[in-house]
Amino acid sequence: MSAISLVGAAKDFGLRSLFSDLDLHVGERDRLGLIGPNGAGKSTLLRVLAGLEPLDRGERRCHARTRVVLLDQEPRLDPSLTVLEQVFAGDGEAMGLLREYAGVSHQLALHPEDGQLLARLSALQHRMDGCQAWDLERRCREVLERLGIDAAHQERTIGELSGGNRRRVALAAALVAEPEVLLLDEPTNHLDAEGVEWLQSYLDRFSGALVLVTHDRYLLDRVTRRIVAVERGEARPYEGNYGTYLGLKAAEEEAEASTAAKLKGTLRRELAWLRQGPKARSTKQKARLQRIDALLEAPARQGRTSLAMAATARRIGKRAITAEGLAVAVGERTLLRDFSYDFSPEDRVGIIGPNGAGKSSLLEVIAGRRPPSEGLLELGGTVKLAYFDQHSDVLLAKDGKRKVIEVVQEAASRVQVDGVELTASQLLERFLFPPAQQHQPVAKLSGGERRRLHLCRLLIEAPNVLLLDEPTNDLDVHTLSVLEEFLDDFRGCVVVVSHDRWFLDRTVDRLFHFEDGRLERFEGNYSSWLERRSESPTTAPGPAAVAAAAVAQVAAKRSAPPAKVPADGPRRRSFKETRELERLETELPQLEQQRRELEQHLAAPSGPDYARLEELTHELAALVERIHAAEERWLVLSELAA
């Protein structure tokens with residue numbers, strides 16, 4: 001049985017169709033993920049499902065008593081309410097009883113002899129016992145704390161909170177409401193990694209229907225059971241989670257390419273046949289020849305566009321960034337102390353930690369936007385730094401009335417990309433801004449499109465050091481995949497602050513984690529760090545953290561898109577893969593030496609220390625498995641073209 005149905009639904013945005021003739025049914029316990037490029041209409045489709053946006057054509061069917069809650073990207077909250085009052089503002093039975101109980105209690109305090117109020121309060125208490133409303137405040141506080149809103153902030157009014165905290169309050173209110181249908185638009189924005197892990201665990205247990213728009217691909221892979229791809233006015237369903245969708249999509253594109261190649265082969269043969277003999281000179285035949293020529297020159301599928309980012313970084317010297325005894329403070333609060341590290345020109349560094357720890361403040365110090373409170377920070381003489389911060393709305397404030405193309409032309413009217421000179425218009429087309437959209441005001445772009453424009457504006461300046469502060473916020477999953485591939489080939493230093501576990505796993509090989517005002521170094525990506533943390537005897541992670549580590553390992557293997565082999569030869573080895581190959585060539589002999597030493601220990605005569613023998617046996621087995629995995633990876637990388 002469907003909780004919400006759209007039948008023959010259509011929605012236009014000016015001259016552009018977001019979707020047309022759409023049939024979409026959300027079942028009572030459905031787990032649906034909406035994906036598609038920025039501006040395709042995902043957020044609009046969520047608002048249509050919620051009944052907040054009218055359809056141009058078609059019908060929305062939903063029972064009047066079905067409770068539907070939408071977490072919008074820009075939630076409307078009452079600035080005069082406290083955080084707890086805002087969370088209680090939902091229309092669930094328990095919330096209604098709790099609000100009514102508070103009101104009657106207040107009236108009874110003013111009129112203690114009122115018998116009717118006493119009777120009403122007694123009846124309310126009985127009803128609250130039945131629906132466990134007494135426990136609601138405790139649950140609200142727990143959800144808020146899990147999402148990063150501590151007890152002190154819970155007593156503040158909404159008007160006193162930052163934009164990120166307001167988003168977290170809106171998310172808490174949506175979760176606590178426990179509706180029959182929960183619609184979430186980018187719920188992980190402004191959450192730290194632990195908050196995302198907790199949210200993932202919560203949604204696993206949610207009993208109603210869920211429709212999710214998110215750039216967090218681990219979350220998408222974990223909680224969804226069906227994917228709907230919204231693109232070019234179509235909404236195409238795929239059964240399965242995000243990993244299954246990637247496999248189906250790859251097979252679909254391969255089949256389309258094969259069909260297109262066969263069609264063009266047939267057209268070429270027919271064209272050759274038609275050009276033979278005198279019939280080819282007739283007017284009708286000439287028209288037919290021209291149509292076939294046009295079909296041959298047309299792309300395989302009209303409207304199919306792909307984002308293309310090519311590295312345009314300038315040369316960088318031997319030194320990128322040097323930090324010595326660095327300290328960062330905001331007001332009287334010290335966020336970071338005594339940090340020393342030499343960022344190399346080839347570094348891929350991730351910085352993680354809870355909200356408010358100081359991650360963005362550290363990037364602002366490196367970018368020169370604020371001075372360090374102590375210590376020394378120096379950039380190499382050849383460094384050209386680009387800072388992709390969280391505030392792409394600066395484009396809206398500064399350039400809202402300007403045309404999209406003017407924002408890019410301000411940086412450069414032409415740019416060299418892979419040896420080819422591109423105009424600003426051609427570069428914008430590579431970033432999925434068609435010519436018609438290039439002459440629109442920036443204010444008409446969606447949040448994700450503004451982020452993409454902000455990224456284009458930075459990359460046109462050919463930086464060799466990239467500082468990325470939550471780069472995945474508001475970008476669609478396809479753009480993120482292309483950005484990850486771009487970073488693989490980027491010849492320079494990359495420093496990333498992100499809560500996106502998939503993005504960190506793909507782009508960094510060293511982490512710094514905020515721990516009590518210090519940055520602790522870890523060699524490896526986020527999944528490796530999470531696994532190490534779960535194994536540490538000094539740390540007691542919750543089940544969400546352990547589950548996330550397992551999901552990260554499985555999803556990374558299962559969901560990674562298959563490598564594409566160009567038609568003109570084998571795929572070239574990326575810059576990051578070249579570094580990995582060099583590391584393996586150094587590491588493999590060392591592993592073999594460790595293996596020989598362990599085998600010698602086991603072969604040597606020893607006393608009846610069976611526990612030690614068992615320990616060495618397990619250690620040898622793990623080492624052999626590691627060597628085999630390293631050898632297989634070395635073979636894969638060595639076969640790629642240099």
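Provided above is the structure to which this section pertains.
First, a word on scope: everything that follows refers to the structure included in this document. Keep in mind the model is a prediction, meaning the values are calculated, not measured.

**Observations concerning the sheet that holds strand β8 (residues 226–231)**
Move 1: Read across the sheet, 6 strands follow the order β5-β6-β7-β3-β8-β9 without closing on themselves; strand pairing throughout is mixed. Where the open sheet ends on each side, the last strands, each with one partner, are β5 (68–71) and β9 (234–239). Within this sheet the neighbouring strands show an average axis-to-axis angle of 15°, counted without direction.
Move 2: Strand direction decides the pairing type here: strand β3 (residues 31–35) and strand β7 (residues 209–213), joined by 3 bridges, are parallel. Across the sheet, the residue bridging to G33 is L212, located in β7.
Move 3: Contacting β5 and β6 (181–185), helix α7 (residues 163–177) crosses the sheet at an angle of about 160° to β5.

**Quick word on unusual backbone geometry**
Move 1: If you check the backbone angles, E178 has positive phi at about 45° while not being a glycine.
Move 2: Along the chain, E178 turns up in the loop between α7 and β6.

**Some thoughts on the pattern of salt bridges**
Move 1: Across all of its chains, the model carries 25 salt bridges by this definition.
Move 2: Linking R626 and E587 is a salt bridge whose minimum nitrogen-to-oxygen distance equals 4.0 Å. Of this pair, R626 sits in helix α23 (residues 610–638) while E587 sits in helix α22 (residues 575–603), and the two are 39 residues apart along the sequence.
Move 3: Residues participating in the shared-partner salt-bridge network are K11, R47, E53 and D72.

**A word on helix α8 (residues 193–205)**
Move 1: When the terminal C-alpha atoms of α8 are compared, their 19 Å separation across 13 residues agrees well with the 18 Å that a helix rising 1.5 Å per residue should span.
Move 2: Buried residues dominate α8, accounting for 10 of its 13 residues.
Move 3: Those residues of α8 that sit buried are A193, G195, V196, E197, W198, L199, Q200, S201, Y202 and L203.

**Examining helix α1 (residues 42–49)**
Move 1: Looking only at α1, the buried set comprises K42, L45, L46, V48 and L49. For α1, the angular spread of buried residues about the axis comes to 160°, placing them on one side.
Move 2: Of the residues trailing α1, G51 is marked for its positive phi of about 80°.

**What about the sheet that holds strand β10 (residues 321–330)?**
Backbone hydrogen bonds hold the strands of a sheet together, and the pairing may be parallel or antiparallel.
Move 1: Strands sit in the order β11-β10-β13 across an open sheet of 3 strands; the sheet is antiparallel. Among the strands making up the open sheet, the edge pair consists of β11 (333–343) and β13 (374–379). Shown here is a sheet whose adjacent strand axes are inclined to one another by a mean of 25°, direction ignored.

**Considering the nonpolar core**
A general trend in soluble globular proteins is that nonpolar side chains are found buried together.
Move 1: Judged by nonpolar contacts, the single largest core of 58 residues is most densely connected at L175, L182 and L203.
Move 2: With 8 residues, the single largest contributor to this core is α7.
Move 3: If sequence neighbours within four positions are ignored, L203 has contacts with R31, L175, L182, L184, L210, L219 and V223.
Move 4: If you look at the next biggest cluster of nonpolar residues, it comprises 39 residues, including F431, I460, F503 and L511.

**Some thoughts on the side chain of Q154**
Move 1: With respect to the helices and strands, the residue Q154 is situated in helix α6 (residues 151–154).
Move 2: At 3.1 Å, the side chain of Q154 forms a polar contact with the backbone oxygen of I149.
Move 3: If we ignore the near neighbours within four places in the chain, the residues touching Q154 are T82, V83, L84, R141, L144, E145 and I149.

**Some words on the layout of surface pockets**
Move 1: The calculated volume of the second largest pocket comes to roughly 630 Å³.
Move 2: Surrounding the second largest pocket, 32 residues form its lining, P354, H513, F514, E515 and W529 being those nearest its centre.
Move 3: Of all the secondary structure elements, the ones that give two or more residues to the lining of the second largest pocket are α8, β11, β19 (510–515), β20 (518–523) and α20 (526–535).
Move 4: Residue contributions to the lining of the second largest pocket peak at 4 residues, all from α20.
Move 5: Taken together, the residues of the lining of the second largest pocket sort by class into 10 nonpolar, 10 polar and 12 charged.

**Comments concerning the packing of aromatic side chains**
Move 1: Applying the stated criterion to the full structure yields 10 aromatic pairs.
Move 2: Where Y341 meets F512, the ring centres are 5.0 Å apart and the plane angle is 70°; that geometry is what we call edge-to-face. Of this pair, Y341 sits in strand β11 while F512 sits in strand β19; the two residues are 171 residues apart in sequence, bridging distant segments of the chain. An identical accessibility class is assigned to Y341 and F512; each is buried.
Move 3: Each member of the aromatic cluster is reached from another via a ring pair, and the members are Y218, Y238, Y242, Y245 and W502.
Move 4: R452 extends its terminal NZ or CZ atom over the ring of F433, reaching a point 5.0 Å from the ring centre.

**Overview of the side chain of R217**
Move 1: When you line up the elements, R217 lands in helix α9 (residues 217–223).
Move 2: In this structure R217 comes out as buried when scored by relative accessible area, which is 1%.
Move 3: Only 2.4 Å separates the side chain of R217 from the side chain of E484, close enough to count as a polar contact.
Move 4: Residue contacts for R217: discarding those within four places in its chain leaves Y242, V477, L480, S481, E484, D500, W502 and F503.

**Things to note about the environment of A411**
Move 1: Tracing the sequence through the fold places A411 in the loop between α14 (404–409) and β15 (414–417).
Move 2: Considered as a pair, A411 and A424 are 13 residues apart in the sequence and their alpha carbons are 9.2 Å apart.
Move 3: Contact partners of A411, with chain neighbours within four places excluded, come to R457, I460 and E461.

**Regarding the environment of K359**
Move 1: By secondary structure assignment, the location of K359 is in helix α12 (residues 359–366).
Move 2: Looking at K359, the relative accessible area reads 9%, which means it is buried.
Move 3: When the C-alpha atoms of K359 and D469 are compared, they prove to be 8.4 Å apart, with 110 residues separating the residues in sequence.
Move 4: Setting aside residues up to four positions removed in sequence, K359 forms contacts with I351, I352, G353, P354, V497 and F514.

Quick notes on the rules
- Residues numbered from 1 in each chain as written.
- Predicted model: local features only at pLDDT ≥ 70, side-chain atom pairs only at ≥ 80, totals over all residues.
- Heavy atoms only, no water.
- Pairing = 2+ DSSP bridges.
- Helix = DSSP H or I, 4+ residues; strand = E, 2+ residues; numbered from the N terminus.
- Axes fitted to C-alpha atoms, helices over the stretch in contact; angles between N-to-C directions.
- Contact = heavy atoms within 4.5 Å.
- Salt bridge = Lys/Arg side-chain N within 4 Å of Asp/Glu carboxyl O.
- Expected span 1.5 Å × (residues − 1).
- Buried < 20%, exposed > 50% of the residue type's maximum accessible area, 1.4 Å probe, protein only.
- Arc of directions from axis to C-beta.
- Core = buried A, V, L, I, M, F, W, Y, C linked by side-chain atoms within 4.5 Å.
- Polar contact = N/O pair within 3.5 Å; in protein donor to acceptor, adjacent residues only side chain to side chain.
- 1 Å grid on protein atoms, 1.4 Å probe; cavity = no way out; pocket = protein on both sides within 12 Å on 5 of 7 lines; lining within 4 Å.
- Points joined across faces, edges and corners; volume = space filled by probe spheres on them.
- Nonpolar A, V, L, I, M, F, W, Y, C, P; charged D, E, K, R; others polar.
- Phe/Tyr/Trp six-rings, centres within 6.5 Å; stacked < 30°, edge-to-face > 60°.
- Lys NZ or Arg CZ within 6 Å of the ring centre and 35° of its normal.

Just geometry here; none of it tells us what the structure is for.
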